[in-house]
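# Tertiary structure, described
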Amino acid sequence: MQYRAAKGMNDILPDELRRWRTLEEAFRRTVELAGYAEIRTPLLEPTELFVRSVGESTDIVQKEMFTLLHHGDSLTLRPEGTASAARAYVEHTVFAREPVTRWYYLGPMFRAERPQRGRYRQFYQAGAEIFGDPGPACDAEMIDMLYRLFVGLGITDVEVVVNSLGSAGVRERYREVLREHLEPNKGELSEASQRRLGDNPLRILDSKAPRDQELVREAPPILDFLDDADRAHWDALRAGLDALGVPYRAEPRLVRGLDYYTRTLFEFQSSQGGLGSQNALGGGGRYDGMVADLGGPAAPAIGFALGLERILLAMNPSDDAKPSPCFIAPIGERATLEALVLARSLRDRGVPTDLDGRGTSMKSMLRRANSRGARLAVLIGDQELDRGVFKVKDLAAHTEIDVPCAAAAEQISELMARAPLEPAH
Ligand code: HAM
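The sections below set out a description of the structure shown in this document. The structure displayed is predicted, hence computed values, not measured ones.

All of the buried residues in helix H8 (residues 210–217) are Asp212, Leu215 and Val216. The buried residues of H8 all sit within an arc of 100 degrees when viewed along its axis, so they share a single face. Across H8 from its buried face, at more than 90 degrees, point the exposed residues Pro210 and Arg217. Structurally, H8 contributes buried residues whose contacts are with helix H6 (168–182) and helix H7 (191–199).

Here it is as structure tokens:
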């Protein structure tokens, strides 16, 4: 029996992981500069939390949750991070300690979707949430921060799409407008959209079916239904983006798949990476009602999440620098003991060091040093030890020198910091 990872769930092997780390570090740097602090929440939450916040009629709640029953409790592997962050914000009464809270998180999310390129059942998000700030300045600040992050990662074709859904009342009213507009042609809608017409007509706006799109195009845009306060918020958001020089497209049909959004909504799309319909690298929006809904005060909130797999597919694979280690190749028992001590001293000095303890031939150890991309190889054999030296080879420059054993760690760490070596004489 050969075991395989579960459908839609992937191993990330060390070669790929380097790129993940580069991306995660760029993300951390970006958000920490903007005052966000990291939180970690459980992977499992009470199912009811997601039903309540993400919304009963969403695809996530209706068919994508991994749910398990444990001693009568229904628990769900988190399909996203916002509900957990809001739950933690309320549970720990963070609102009583500070007027504005900025949190970020990185980690796996789980949705039982049909897997395809850029869409998995376990996938990783980097996200952030702001609680207590009604915007719209922080909305523009957040979108600008992400736009610059994407461009900095080399995703220069990223498109920023924004919309406003208005406050909760506007959504309710618009739902009716849309229902009335689509009802006469109900029979022409796709099967999924016919179902959504009853419980969640807004989702028909981002249906991919061509006839649905045609019918929706003729519907009045949600922006026509904003009240004065919502319109002022939307106008100020765009003024903020203009002041920051963020190029964006206002798209009144952008709705996104979660029910909690109010007012500002945004998505980052890219055609790099051959992602097809999975071209949303990340998105987010305002959810001013969730904290109160979960039993907290009436705290406004906004946030986003980025899909790390999709960003990695869109990023240029060549910006992937492997660290070049120092490679230690001992022959014989005495040499191996010296090598153990030298490797530890080099690592203490912060030098990445590989030690080949297999006891094979020098030739095969040097082959491995080259395939590891080593800068220097330290050759240790009885002959060298009798002379009180180690032989240090620069694998790129094809030069070598002897260094005295007693000062080897110090000298080699200096050599690792500069290249190439002067030829021996
Ligand atoms: P979302 O749009 O559902 O929003 O997910 C955010 C991003 O996660 C997507 O744009 C996509 O890049 C990635 N993603 C989603 N599903 C998958 C999947 N099955 N496979 C691979 N990548 C995927 C949220 O999750 C909200 N919590 C964002 C938010 C935060 N809104 C307010 N605060």
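Before going further, it helps to examine unusual backbone geometry. In the segment running from Gly135 into Pro136, the intervening peptide bond is cis, with an omega of 5 degrees. Relative to the helices and strands, Pro136 is located in the loop between strand S6 (122–131) and helix H5 (137–152). Unlike most non-glycine residues, Arg263 shows phi in positive territory, near 50 degrees. Among the secondary structure elements, Arg263 is positioned in strand S9 (residues 262–269).

Along the polypeptide, Thr41 turns up in the loop between strand S1 (37–38) and strand S2 (44–46). Judged by its relative accessible area of 17%, Thr41 is buried. With residues up to four places along the chain from it excluded, the contact list for Thr41 reads Arg78, Ser84, Arg87 and Ala88.

We now examine the nonpolar core. Membership of the largest hydrophobic core comes to 47 residues, with the highest contact counts inside it found for Val54, Tyr89, Trp103, Phe131, Leu178, Leu182 and Tyr260. For this core, the element with the most residues is helix H4 (residues 82–91), which contributes six residues. Beyond its immediate sequence surroundings of up to four residues, Phe131 is in contact with Ala85, Ala86, Tyr89, Pro99, Val100, Thr101, Trp103, Tyr287, Val291, Pro300 and Ala301. If you look at the next biggest cluster of nonpolar residues, it comprises 44 residues, including Ala140, Met142, Val158 and Leu312.

Attention now goes to the sheet that holds strand S4 (residues 73–77). Within a sheet, each strand pairs with its neighbour through backbone hydrogen bonds, oriented either parallel or antiparallel. Strand order across the open sheet formed by three strands is S2-S4-S3, with antiparallel pairing between neighbours. Looking at the sheet topology across the chains shown, the edges are occupied by S2 and strand S3 (67–70). Strand-to-strand twist across the sheet, computed as the mean angle between neighbouring axes with direction ignored, equals 40 degrees. As defined by bridge partners, S2 adjoins S4 across three bridges and the pair is classed as antiparallel. Pairing of Glu45 across the sheet is with Thr76, part of S4. With respect to the sheet, helix H2 (residues 47–54) is in contact with S2, S3 and S4, its orientation differing from that of S2 by roughly 75 degrees.

With that settled, consider the site of the ligand. The environment of the ligand is made up of 26 residues, and the closest members are Glu80, Thr82, Glu113, Glu129 and Tyr261. Taking Thr82, its side chain carries an N or O atom lying 2.8 Å from a nitrogen atom of the ligand. Contacts to the ligand include Gly307, whose backbone N or O atom sits 3.3 Å from an oxygen atom. Taken by itself the ligand offers 660 Å² of open surface, and the protein chains cover 96% of this. Among the elements of the structure, S6, strand S10 (280–286) and strand S11 (301–307) are those that each provide at least two residues to the shell around the ligand. Tallying contributions element by element places S10 first for the shell around the ligand, with six residues.

Quick notes on the rules
- The residue numbering used here restarts from 1 in each chain and proceeds along that chain's sequence as written.
- Only residues with pLDDT of at least 70 are given local features in this predicted model, and only at 80 or more are side-chain atom pairs given and counted; all residues enter the totals for whole chains, interfaces and linings.
- To obtain the side-chain values, all non-hydrogen atoms of the structure were used and water was disregarded.
- Throughout, exposure labels follow a simple rule: accessible area from a 1.4 Å probe, protein chains only, divided by the maximum for the residue type, with under 20% read as buried, over 50% as exposed, and the rest as partly exposed.
- Going along the chain from the N terminus, every DSSP run of H or I of four or more residues is numbered as a helix, and every run of E of two or more is numbered as a strand.
- What the arc describes is the spread of directions from the helix axis to the C-beta atoms.
- The contact definition used throughout considers only heavy atoms, calling two residues in contact when any of these lie within 4.5 Å.
- The criterion is simple. A nonpolar core is a set of buried Ala, Val, Leu, Ile, Met, Phe, Trp, Tyr and Cys residues joined through side-chain atoms within 4.5 Å.
- If DSSP finds at least two bridges between two strands, the strands pair.
- In this description, a line fitted to the C-alpha atoms serves as the axis of each element, helices being fitted only across the stretch in contact, and the angle between N-to-C directions of two axes falls anywhere from 0 to 180 degrees.
- A cutoff of 4 Å decides nearness: a residue is near a molecule or strand if any of its heavy atoms lies inside that distance of it.
- By the criterion applied in these results, polar contacts are pairs of N or O atoms within 3.5 Å in which, for protein atoms, one can donate a hydrogen and the other can accept it, and in which residues neighboring in sequence qualify only through two side-chain atoms.
- Reported accessibility uses the Shrake-Rupley method at a 1.4 Å probe radius. Residues are deemed covered only where the shown protein chains occlude them.

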